[in-house]
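Remarks on the overall topology
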Amino acid sequence: MIVATPRPLVDPYGRSVSYLRASVTDRCDLRCAYCMPERMKFQPRHDLLSLEELARLIRVFIGRGVRKVRLTGGEPLVRKGVMTLVERLGAEIGRGLDELTLTTNGVQLDEFAMPLAAAGIRRINVSLDTLDPATFEFLTRRPVLANVLNGIDAAAAAGIAIKINTVALKGTNDREIPAIISWAHARGFDISLIEVMPMGEIDDDRADQYLPLAELHAALRRRWTLEPIAYRTGGPSRYVRVAETGGRLGFITPLTNNFCEGCNRVRLTCTGRLYMCLGQNDAADFRDLMRQGADDAAIGAAIEEAIGRKPKGHDFEAAYRCGTASVARAMAVTGG
Ligand code: SAM
Ligand code: SF4
């Protein structure tokens, strides 16, 4: 089948936007301390896009040149009926869409691994910040590490490639990180370390959590040989190979090494707002546009207009200096 290639979406800084991260819900079955408060106030259900609206909107993005879609949240697997969306989008693979993927906390992955693989998902990111049950419960406020580990096993057994994402948190998991890397590499998983970003109001002080990855990189270099490699997945991770384990290790460093220059992404919230930058407040609303009866051409034009406003980058450094959240919404709202 020959698929016409649409004109690429290009922002004012010449960056092609080919990657959409879509949050399917802001709800979650965990309460990670760096992500949301224990008593998180979620969006009213009637404000959410229906799964049909999400599928339609994402298809228009694909028609306008988006080639990679990541479903995220909140926790995408808690959205009722989420598999109908995954299946609809899976059917677009090879018809303009190169890859459909998912970021999950893994709690329900045991149940979803096989259907996800059957729908065409070949790679997923699983967020896991500790292998210690007590630290896991402290960090996520839920005692479900065993479910996550079972879910990871189920996804691997279903043939899905797994990348572990670990947020580096001062005083919480920093000393455990080499063990998490060894654990991931022993199972053939890539792993990326992430700097905690000042997004959303939480119960704790962010400055207490922040661990610059440059420090961690230096500590890991004293332990292992880190060989720079050119491997990229279209995301912000910069990879090395750990010679001793043979595995790939990524660093996502929004603070110490701003990655905005090569940004190819935009983010859609579960209420239909498109954020052109994770760390800025400007957004374009697609829910009202769709509910007012806009056709696909009008939605496509609105997508182009929004990409035309994509800002140069975030202001996370300034937020840490001021001790404030850079943007008021949590990562779980914008979609990680
Ligand atoms: N619930 C799913 C999960 O945890 O994988 C998907 C959504 S979650 C918001 C996506 C990613 O964002 C996770 O890897 C999480 O650790 C990360 N994250 C959340 N808040 C963050 C913050 N303030 N700074 C850095 N990463 C954050
Ligand atoms: Fe939920 Fe993911 Fe946020 Fe943790 S990081 S509270 S799993 S949305």
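Residues numbered from 1 in each chain as written. Chains lettered and ligands numbered in written order. Predicted model: local features only at pLDDT ≥ 70, side-chain atom pairs only at ≥ 80, totals over all residues. Heavy atoms only, no water.

The geometry of helix H1 (residues 51-63) relative to helix H2 (residues 82-90) is characterised by a closest axis approach of 10 Å and an angle of 25° between their N-to-C directions. Judged by the angle between their axes, H1 and H2 are roughly parallel. In this structure, the crossing between H1 and H2 has a hand that is right-handed. Facing Leu51, Glu52, Leu54, Ala55, Ile58 and Arg59 of H1, the residues of H2 in contact are Val82, Thr84, Leu85, Arg88 and Leu89. Along the lines of polarity and charge, the residues of the contact of H1 with H2 split into seven nonpolar, one polar and three charged. (Axes fitted to C-alpha atoms, helices over the stretch in contact; angles between N-to-C directions. Helix = DSSP H or I, 4+ residues; strand = E, 2+ residues; numbered from the N terminus. Parallel < 35°, antiparallel > 145°, perpendicular 65-115°, else oblique. Left-handed = near helix turned anticlockwise from the far one by under 90°. Contact = heavy atoms within 4.5 Å. Nonpolar A, V, L, I, M, F, W, Y, C, P; charged D, E, K, R; others polar.)

What follows covers the site of ligand 1. Close to ligand 1 lie 18 residues; Tyr34, Gly74, Thr103, Ser127 and Met197 are nearest. Take Thr104: an N or O atom from its main chain is 3.2 Å from an oxygen atom of ligand 1. With respect to ligand 1, the side chain of Ser127 contributes an N or O atom lying 2.5 Å from an oxygen atom. Burial of ligand 1 by the protein chains amounts to 95% of its free accessible area of 550 Å². Going through the elements one at a time, strand S5 (99-104) and helix H12 (331-334) are the ones with two or more residues in the shell around ligand 1. (Near = heavy atom within 4 Å. Polar contact = N/O pair within 3.5 Å; in protein donor to acceptor, adjacent residues only side chain to side chain. Areas by Shrake-Rupley, 256 points an atom, 1.4 Å probe, with all protein chains shown as cover.)

Relative to the assigned elements, Thr140 resides in helix H4 (residues 133-140). Take Thr140: its relative accessible area is 5%, and that puts it in the buried class. In terms of polar contacts, Thr140 uses its side chain to reach the backbone carbonyl oxygen of Arg142, at 3.1 Å. In contact with Thr140, not counting residues within four places along its chain, are Leu30, Arg31 and Cys32. (Buried < 20%, exposed > 50% of the residue type's maximum accessible area, 1.4 Å probe, protein only.)

It is worth spelling out the nonpolar core at this point. Membership of the largest hydrophobic core comes to 98 residues, with the highest contact counts inside it found for Ile58, Leu71, Ile164 and Leu274. For this core, the leading source of residues is H1, giving eight residues. (Core = buried A, V, L, I, M, F, W, Y, C linked by side-chain atoms within 4.5 Å.)

Taking 1.5 Å as the rise per residue, helix H10 (residues 296-307) with 12 residues should run 16 Å; its terminal C-alpha atoms sit 16 Å apart, in good agreement. Ile299, Gly300, Ala302, Ile303, Ala306 and Ile307 are the residues of H10 that are buried. Down the axis of H10, the smallest arc covering the buried residues is 160°, so these residues share one side. (Expected span 1.5 Å × (residues − 1). Arc of directions from axis to C-beta.)

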